[in-house]
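# Coordinates in review
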Amino acid sequence: MRFIKPAWVTHKDAAKSDQDTKRQSIFSVHVHPDGSRIATGGLDAKVRIWSTKPILNAASEGSGRPPKSLCTLSMHTGPVLTVRWAHSGRWLASGSDDEIIMIWDLDPSGRGKVFGSNEVNIEAWKPMKRLPGHESDVTDIAWAPEDRYLASVGLDSKVIVWCGYTLERIRKLDQHNGFVKGVCFDPVGEFMATQSDDKSVKIWRTTDWELEAEIRKPFEDSPGSTFFRRLSWSPDGAHITASNATNNRGFVFIAAVITRGLWTSEISLVGHENTVEVAAYNPHIFLRNSSGPLVTSNICSVVALGADDRSISIWQTKSARPLIVAREVFERQIMDLSWSRDGLTLYAASSDGTIAVFDFDPEELDGIAPFSAQQQYLQKFGFVPPPVPEGYSHGTFYGDNNIPSSRITPPPSPQSRTMEQLQSQTEFRSDTANGGGEQINRLVAKKSNKKRVKPLLISDIPSASTSDNTINGATTQVPLSVVSQPPSSANGAGPTFARPESRYSIPKSRHPSHSTSPAPSMRGFDADVEMGGPKEMDVPIDVIDTSSSPGTTRGKRKASALEGDDRPTRPRTLGGDRPRDAVAVREIVSRRHERWHDLLPVPPVLTFLSAKVDGSEDVLEGRNAEGDSPSEVTFVSGKQTQWLDYVQFPIIALTASQAFCAVAMQDGSVNVYSHTGRRIMPTMTLDAPCSMIHSCKTSLLLLTITGQLSSINVKSQSAYFPSPSIGPLLHAPDSKVLAAGVRHNGAPVLQISSGVAYTYDAQLLQWTKLSDEWWSEGSDVWQGRQRPTKDVIASIESAITANADDKAVNKERPEWWNAALTLGHLESKLHAAKALDCPSEYKQALLQYAKKLADEGFRAKAEELIKDLFGPVYWNPTRKEEFWSPTIVGLTKRDLLREVLSVFARSKTLTKLALDWQDTLRKASNEEQL
């Protein structure tokens, strides 16, 4: 076995030098079925595709052939948490923090420089379809056997199943009560498994997408703070290995092995010193006795585990001890594992921003069986999959002995192009290898006087909510390199090639295509991308030509081509004709009259300040001059100054939202501007200069150095409540405000160094606690440190944990300690979600609260919760009730009650209570309809 850590596989900001950037976390890695490349997804919101030959072959790495980095995909707007190649190898699916799943298809014409960086895409994958549907981060995705389905899971507690052919949504499953962080398919195609933070693994039938079984036993005490719960199904279909399980009341970290049919976990893989994050089975079955028959007693599997203890273990199910344990492989936890299709290479990704590779010799993994043996064995289950939708096919699948020796990526999806169109732009020569019959295609570059690039917009990408007749859904340019079609391709069959002898042969399609489009030809790429051995590139191709030679018209059109009044004019803006100069940021020493009683520090006067508008490239900038010159405010979009203004006093703080901009000055005055530069409010004069300023949509928060807080609705030009003082919040010695923000409803959020987060209740006219470090000492649902998330309360708890001092955790606690703190924490969380107007977090906390009440059997609390959500028995929607509202944070209370009663109905102690109230709720609903 060889162990390799390629330092060049990394996610960094390509616009900066290596000295200015650090590695960003890699959350996912997956190997293409032909083994020629891997895809990685990272914190930089990009999907990157890398050659595997330079990883596994030192000579190839040194020669740079094929290139190490093949492609960078940058259509996501949030960290990419999962990447998965389809089994056919034709498509790549990626899921992101931006709640979107993107399906990528090969684009032979799209190679070129990556926008905004110095990187060059050797090959191109275009976004073929955009799949919206999740309401929070997409944490894992999986393709079903033969790519019949695509399943996705996320932090919205939902599981969405998509058709693997049309990419339309089939079903949304919402029976999980916590973040769903793992999904996998049965190799037979009969079941799908998902794993969630609600401490369960659910098994779903693919025939009707109903729940087959729920497994909870080994996960009851599992921690809820892991990034993922990635599980894997064995290639013989007999077992699921699930991550994040524990024994001995949570003190022993294990991976649980769940048996098919019984759906119980009696086998544990023990040895890791921290939570197991991911499990991945080798795609091959193994024979205990290589000469024995293909029967259940002679079959075993190999599974790899990655854990938060930075180690990887590889197990063979015929042995009680692992085959290999690699300790401290990374500096941080393992995020993902992926086996190559030949079963001899294991790739691992870590949040420290690196990957590791374990490359085995066939002799080291004794008893590996061909894929034909697996297919033969799986037939014993007798499962018949549904028919393929008419007019669709994924074409070739990689099975046994059908990985091409040259390891060329499968062709792009079919395009309606005639041979004459291709030959009009490209020309090819073919030679035949001596005695081998191998067809070698060499690209002869032809110059063209026209060079136009059509930008691909988000609106051009088909969404799952639209219906397209084409598979690609987007127009592509003619490819630069296309293998010439033999005459036999005219009848609709793809061309064939003779390959050198290898342990792999050319794949044959198991599923004939029924597509109405012509069958695609096999398309080759540059010799630098070929994986089959050394080849020569006759013509170096520069994808982006920045130079222009005499006599050509390449490059930008000359200014003289636009004469007189035909020249396009840009709308005139205040300061728009002035070039932007870089300003060195440094502090300016200025005098301030000491006439305020300061609770908070005064921001320094800097030569340059800036604030970016969320969701755009617009930037609000402030410039302070040294001397008597006035300070300047500018609003910049891209490289163009949209407007400017001058202010009398130095600028000390500024903020910008999607609705307005605000500038605070040293004398305590605040200006509010629209995005066009109009002053949309009178200049406000505060009791002292601003120490902190923040904006969200139409809400503006101002916190002065004397501790007076103002929350203003800029749209209505009114205050949400009278300005309170934060003095009572700083009662502890050395207390200080770590962060201050505002929600869209005007609720402030203050994080104090004492480990408490506060908001101001406009109804009570009092400060109230949003969260407290106290809950972390015993609550089972305290989230603690986790990756950045859009959930407000989860972010607050993560920030509290990050700033907290480490305390002893092995204290002796009272008997009901955990139950009391968990319930108290959830009740506090419900009030916090209501105050901050967070519907998704309110619903999640409510269901967690209901689950805890059901587990503990607290009937009185449960009944009180039901009555609060149900309201008056004879409530009339047309009559205003004084103490009850039918909605909370925009959610209908009785709809929430239905989900709460579903949780109670599945418990052992509150079943009858739930059934009775379900009947009452049903009758009330019928009466309302009448």
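In what follows, the accompanying structure is described. These numbers come from a predicted model, not from an experiment.

Turning our attention to the sheet that holds strand β43 (residues 669-673). With respect to topology, four strands assemble into an open sheet ordered β41-β42-β43-β44, the strand pairing being antiparallel. Here the strands that pair on one side only, and so sit at the sheet edges, are β41 (651-656) and β44 (684-685). Summarising the sheet, β43 and β44 pair through two bridges and their orientation is antiparallel. Bridge pairing in β44 places Ser669 opposite Thr685.

Between its first and last C-alpha atoms helix α8 (residues 859-870) spans 16 Å; for twelve residues at 1.5 Å apiece the expected length is 16 Å, and the two agree. Taken together, the buried positions of α8 are Ala862, Leu865, Ile866, Leu869 and Phe870. The buried residues of α8 all sit within an arc of 125° when viewed along its axis, so they share a single face. Facing away from the buried side of α8, by more than 90 degrees, are the exposed residues Ala860 and Glu864. In the stretch just after α8, Gly871 is the one whose phi turns positive, near 80°.

Time to look at the sheet that holds strand β49 (residues 737-742). Hydrogen bonding along the main chain pairs the strands of a sheet, whether they run parallel or antiparallel. One open sheet holds the four strands; their spatial order is β49-β50-β51-β52, and the pairing between them is antiparallel. In this open sheet, the two edge strands, each paired with only one partner strand, are β49 and β52 (766-772). Pairwise comparison of adjacent strand axes, ignoring direction, gives a mean angle of 25° for this sheet. Bridge count for strand β50 (residues 748-752) against strand β51 (residues 756-761) is three bridges, and the pairing is antiparallel. Following the sheet pairing, Gln751 is matched in β51 by Ala757. Its contacts with the sheet put helix α5 (residues 792-803) on β49, β50, β51 and β52, and the angle it makes with β52 is roughly 75°.

With that settled, the discussion passes to the side chain of Ser232. Of note, Ser232 is situated in strand β20 (residues 232-233). Overall, Ser232 belongs to the buried group, its relative accessible area being 11%. A distance of 3.0 Å separates the side chain of Ser232 from the backbone nitrogen of Tyr281, its partner in a polar contact. Leave out the neighbours within four places in its chain, and Ser232 touches Cys184, His239, Ile240, Thr241, Ala279, Ala280 and Tyr281.

Attention now goes to the packing of helix α7 (residues 839-856) against helix α9 (residues 893-905). Orientation of α7 relative to α9, taken along the N-to-C sense of each, is 30°, at an axis distance of 9 Å. Classified by the angle between their axes, α7 and α9 sit roughly parallel to one another. Viewed along their axes, α7 and α9 form a crossing whose handedness is right-handed. The residues of α9 that touch α7, namely those facing Tyr842, Lys843, Leu846, Leu847, Ala850, Lys851, Leu853 and Ala854, are Leu896, Glu899, Val900, Val903 and Phe904. Its residues assigned to classes, the contact of α7 with α9 comprises ten nonpolar, no polar and three charged.

It is worth spelling out the packing of aromatic side chains at this point. Considering all chains together, one arrives at 18 aromatic pairs under this definition. Ring geometry for Trp8 against Trp50: centres 6.0 Å apart, planes inclined by 55°, an arrangement best described as tilted. Here Trp8, found in the loop between β1 (2-4) and β2 (26-31), pairs with Trp50, found in strand β4 (residues 47-51); they are 42 residues apart in sequence, far enough to count as distant. What makes Trp8 buried here is its relative accessible area of 16%. A ring pair is formed by Phe27 and Phe227, whose centres lie 6.1 Å apart and whose planes are at 25°; its orientation type is stacked. Here the residue Phe27 occupies a position in strand β2, and Phe227 occupies one in the loop between β19 (211-215) and β20, the gap between them amounting to 200 residues. As far as the burial class goes, Phe27 and Phe227 line up, both buried. Three or more aromatic residues link up through ring pairs in this structure, and these residues are Phe27, Phe227 and Phe228.

In this structure, the amide linkage connecting Arg65 to the following residue, Pro66, adopts the cis form with an omega of 0°. Despite not being glycine, Asp147 shows a phi value in the positive range, around 60°. Within the secondary structure layout, Asp147 lies in the loop between β12 (138-143) and β13 (149-154). One non-glycine residue, Asp837, lies in the positive phi region at around 55°.

Another point: helix α6 (residues 817-835). With 19 residues, α6 extends 27 Å between its outermost C-alpha atoms, agreeing within 8% with the 27 Å of an ideal straight helix rising 1.5 Å per residue. Asp837, located one to two residues past α6, shows a positive phi value of around 55°.

Next up on the list: the pairing of strand β45 (residues 690-696). Counting buried residues along β45, five of its seven residues qualify, which places the element largely inside the surrounding structure. Across six bridges, β45 lies against strand β46 (residues 699-704) in antiparallel orientation. In the strand pairing of β46, Ile693 is matched with Leu702. Here β45 folds back onto β46 in antiparallel fashion, the turn holding two residues, of which Lys697 has a positive phi close to 55°.

Further remarks concern the pattern of salt bridges. It is possible for side chains of opposite charge to pair when their charged atoms get near one another. The full count for this structure, using the stated rule, is 33 salt bridges. A salt bridge links Arg216 to Glu214; its shortest N-O distance comes to 3.4 Å. Glu328 serves as the salt-bridge partner of Arg310, at 3.6 Å between the closest nitrogen and oxygen. Taken together, the positions of Arg310 in the loop between β27 (302-307) and β28 (312-316) and Glu328 in the loop between β29 (324-326) and β30 (334-339) put the pair 18 residues apart, joining distant regions of the chain. Salt bridges here are not isolated pairs; linked through shared partners, they connect Arg84, Asp140, Arg230 and Asp336.

The rules behind these values
- Residues numbered from 1 in each chain as written.
- Predicted model: local features only at pLDDT ≥ 70, side-chain atom pairs only at ≥ 80, totals over all residues.
- Heavy atoms only, no water.
- Pairing = 2+ DSSP bridges.
- Helix = DSSP H or I, 4+ residues; strand = E, 2+ residues; numbered from the N terminus.
- Expected span 1.5 Å × (residues − 1).
- Buried < 20%, exposed > 50% of the residue type's maximum accessible area, 1.4 Å probe, protein only.
- Arc of directions from axis to C-beta.
- Axes fitted to C-alpha atoms, helices over the stretch in contact; angles between N-to-C directions.
- Contact = heavy atoms within 4.5 Å.
- Polar contact = N/O pair within 3.5 Å; in protein donor to acceptor, adjacent residues only side chain to side chain.
- Parallel < 35°, antiparallel > 145°, perpendicular 65-115°, else oblique.
- Left-handed = near helix turned anticlockwise from the far one by under 90°.
- Nonpolar A, V, L, I, M, F, W, Y, C, P; charged D, E, K, R; others polar.
- Phe/Tyr/Trp six-rings, centres within 6.5 Å; stacked < 30°, edge-to-face > 60°.
- Salt bridge = Lys/Arg side-chain N within 4 Å of Asp/Glu carboxyl O.

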